[in-house]
Amino acid sequence: MEQAQPDWHGFGERPGRPYRIFVLSVLAVLTVVAVVVAVLRLTPDDDAAVVIPPLRPDPLPSEIRSVSIDFGVVTDPDTDWAEVSEQLADANADALNLNAGRVEFTAFDWDAHPDAAAEAGTDHLAVAARGLYESPDGRQRAVNLIADAFIPNWIASDPSVAGVSAEGKRSAYSASASQLAEGEVGDRLVDYVAELGDRYDPAAIEITELYFSAYTFGDDDLALYKKMTGEADWPRTGDGAIDTASPLIGRWRTAVIAGVLNRMRDALDDVRDGEGRKIGLVLDVRVDWDAPATGSPYNGHGYAQLLSSVRDLRLQLWAYVGLPARAPSSVQALTAALRGAGYDMTRLIVSVGVWAEGRNADGTRRTIAPETFEVALRGAGTNGIAAVNVTPYSLLDAADWTVLASVWGGQEGRR
């Protein structure tokens with residue numbers, strides 16, 4: 001702005017009339033621009049206020065070091081994104097995962113389901129992305145978006161979409177297998193992923209909480225099981241109870257999740273005139289620490305089956321050594337088992353969670369000790385694993401950031 005002002009430091013002569021007209025014209029234009037800028041700042045739903053920066057560097061970093069940022073932090077208007085960016089830079093993180101919410105509670109206005117917006121008229125993902133996509137030194141970061149598959153509000157309003165246990169109890173959070181495979185819940189989840197891909201063009205979309213626990217045994221799921229497997233009934237134990245631990249059920253559950261993921265992959269491929277093929281698809285998966293190379297088929301997370309079924313799918317393993325507490329060295333044992341089993345390690349991401357069981361005296365969540373965190377974090381990047389994630393941002397304290405910088409070669413670690 002200062003360079004646009006007339007030069008009052010010449011020879012001290014009073015400007016002539018043509019020059020005064022020019023100056024007044026420039027000032028008039030600047031006044032209009034100032035008014036327009038002010039209006040844009042006051043109208044968050046204006047197109048200029050939701051400009052999406054580039055979220056996918058080309059090429060992507062060969063080694064990914066990412067931090068996951070919770071939905072509550074993403075949607076908090078008081079979050080200081082400049083401060084978050086500095087923290088990421090100090091730790092040498094080259095990627096971040098922003099939680100976009102659920103199909104029933106989104107971080108932006110979804111035109112197809114406007115009632116789901118956490119805050120109508122505000123695109124929290126765009127705000128966060130603009131503050132974080134580029135590091136303070138100008139390097140572009142990879143920005144991924146997280147889509148949560150839980151639907152507690154939907155279930156509360158329509159319990160029929162919930163999964164049912166072998167004892168007849170309905171889940172409070174998870175949809176039935178039949179709803180995911182053939183119902184409205186699966187359709188909306190696929191649409192949500194496509195919307196995220198088309199709207200933001202992120203580096204990848206990460207699907208979290210898409211797993212089965214005790215709740216896939218309703219009549220609708222039995223019908224789906226029969227249809228998909230050709231079996232006449234659930235596998236049964238000797239006393240006639242459903243054999244919920246049967247490998248047949250594990251393979252079927254994994255096939256259901258693979259089916260949903262394939263629909264997501266196809267939907268992403270179609271967005272942005274086919275450019276959506278460049279958007280990665282990641283599934284958060286559970287770990288069976290007693291048999292780490294198999295994954296967790298009981299939860300629908302049979303690793304080999306998923307990787308062979310879904311094009312370019314990557315799996316993000318929940319290496320949470322505080323839930324329940326286990327030796328942090330088990331993370332390196334996990335990566336060794338995966339490599340020994342012959343997996344393509346480039347399709348695996350190891351996520352180190354800092355949660356611990358229980359709560360502190362003030363009611364806050366307990367976290368693992370910094371020493372435990374460091375051992376787990378170092379173990380995560382072994383045996384060919386090139387992508388490591390840390391979660392959640394909201395629970396990282398100063399000691400954790402120091403560990404991150406030390407392990408990832410950040411500024412604090414080099415001081």
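The model shown is predicted, which means the values in this text are computed figures rather than measured ones. (Residues numbered from 1 in each chain as written. Predicted model: local features only at pLDDT ≥ 70, side-chain atom pairs only at ≥ 80, totals over all residues. Heavy atoms only, no water.)

Undergrad: Go over the overall build of the protein chain, please, and point to the residues and values.
TA: A tally of regular secondary structure across the protein chain gives 14 helices and 15 strands. Of all 415 residues assigned to the protein chain, the portion counted as buried reaches 48%. Across the protein chain, contacts joining residues at least 24 apart in sequence account for 72% of those joining residues at least 6 apart. Accessible area for the protein chain stands at about 19600 Å²; split by element, carbon and sulfur atoms hold 51% of it. (Helix = DSSP H or I, 4+ residues; strand = E, 2+ residues; numbered from the N terminus. Buried < 20%, exposed > 50% of the residue type's maximum accessible area, 1.4 Å probe, protein only. Contact = heavy atoms within 4.5 Å. Areas by Shrake-Rupley, 256 points an atom, 1.4 Å probe, with all protein chains shown as cover.)

Undergrad: Pulling in residues and values, what's your account of the pattern of salt bridges?
TA: Applying the stated rule across the entire model yields 16 salt bridges. Close ionic contact of R311 with D269 constitutes a salt bridge, the shortest N to O distance being 2.7 Å. Of this pair, R311 sits in the loop between α10 (303-309) and β11 (314-319) while D269 is found in helix α9 (residues 247-270), placing the two residues 42 residues apart along the sequence. A relative accessible area of 28% means that R311 is categorised as partly exposed. (Salt bridge = Lys/Arg side-chain N within 4 Å of Asp/Glu carboxyl O.)

Undergrad: Tell me what's going on with the environment of R272, and back it up with residues and numbers.
TA: Positionally, R272 belongs in the loop between α9 and β8 (280-285). R272 sits in the partly exposed class, given a relative accessible area of 34%. Once residues within four sequence positions are removed from consideration, R272 is found in contact with G197, D198, R199, Y200 and D201.

Undergrad: Tell me about the packing of aromatic side chains, and please be specific about residues and values.
TA: Think of a pair of aromatic rings as described by two things: how far the centres are apart, and how the planes are tilted against each other in angle. The tally for this structure, following the rule as stated, stands at 15 aromatic pairs. Measuring from ring centre to ring centre gives 5.3 Å for Y225 and W252, while their planes differ by 90°; the resulting arrangement is edge-to-face. Taken as a pair, Y225 in helix α8 (residues 219-229) and W252 in helix α9 lie far apart in primary sequence, 27 residues in all. For W252, a relative accessible area of 3% corresponds to the buried category. Among the aromatic residues, ring-to-ring pairing joins F150, Y173, Y211, W318, Y320 and W355 into one connected group. We note R188 situated over the ring of W154; from NZ or CZ to the ring centre the distance is 4.2 Å. (Phe/Tyr/Trp six-rings, centres within 6.5 Å; stacked < 30°, edge-to-face > 60°. Lys NZ or Arg CZ within 6 Å of the ring centre and 35° of its normal.)

Undergrad: Any chance you could break down the pairing of β11 for me, citing the residues and the numbers?
TA: Counting buried residues along β11, 5 of its 6 residues qualify, which places the element largely inside the surrounding structure. Examined bridge by bridge, β8 and β11 share 4 bridges and lie parallel to one another. Residue pairing for β11: D284 is matched across the bridge by Q316. Pairing between β11 and strand β12 (residues 348-353): 5 bridges, direction parallel. (Pairing = 2+ DSSP bridges.)

Undergrad: Describe the side chain of S171, naming the residues involved and giving the relevant values.
TA: Looking at where S171 falls in the secondary structure, it is placed in strand β6 (residues 170-175). Judged by relative accessible area, S171 falls into the buried class, the value being 5%. A polar side-chain atom of S171 sits 2.9 Å from the main-chain amide nitrogen of S174. Not counting the four nearest positions on each side in its chain, S171 is found in contact with I155, A162, G163 and Y215. (Polar contact = N/O pair within 3.5 Å; in protein donor to acceptor, adjacent residues only side chain to side chain.)

Undergrad: Go over the confidence of the model for the protein chain with me, naming the residues and quoting the values.
TA: In this model, the protein chain carries a mean pLDDT of 89, and residues with pLDDT of at least 70 account for 87%. Counting interchain partners and residues more than four positions distant, the pLDDT-below-50 stretch residues 1-48 has 18 contacts. (pLDDT = per-residue confidence, 0-100.)

Undergrad: I'd love a proper account of the environment of A214, names of residues and values included.
TA: Within the secondary structure, A214 is located in the loop between β7 (204-208) and α8. C-alpha of A214 to C-alpha of S174: the two residues are 40 residues apart in sequence and 10.0 Å apart in space. Apart from the residues lying within four places of it in its own chain, the contact partners of A214 are V164, S165, A166, R253 and Y298.

Undergrad: Summarise helix α7 (residues 184-200); cite the residues concerned and give the values.
TA: Here α7 is 17 residues long and its end C-alpha atoms lie 24 Å apart, about the 24 Å a rise of 1.5 Å per residue gives. For α7, the set of buried residues is V185, G186, R188, L189, V190, Y192, V193, A194, L196, G197 and Y200. The first or second residue beyond α7 is D201, which carries a positive phi of 50°. (Expected span 1.5 Å × (residues − 1).)

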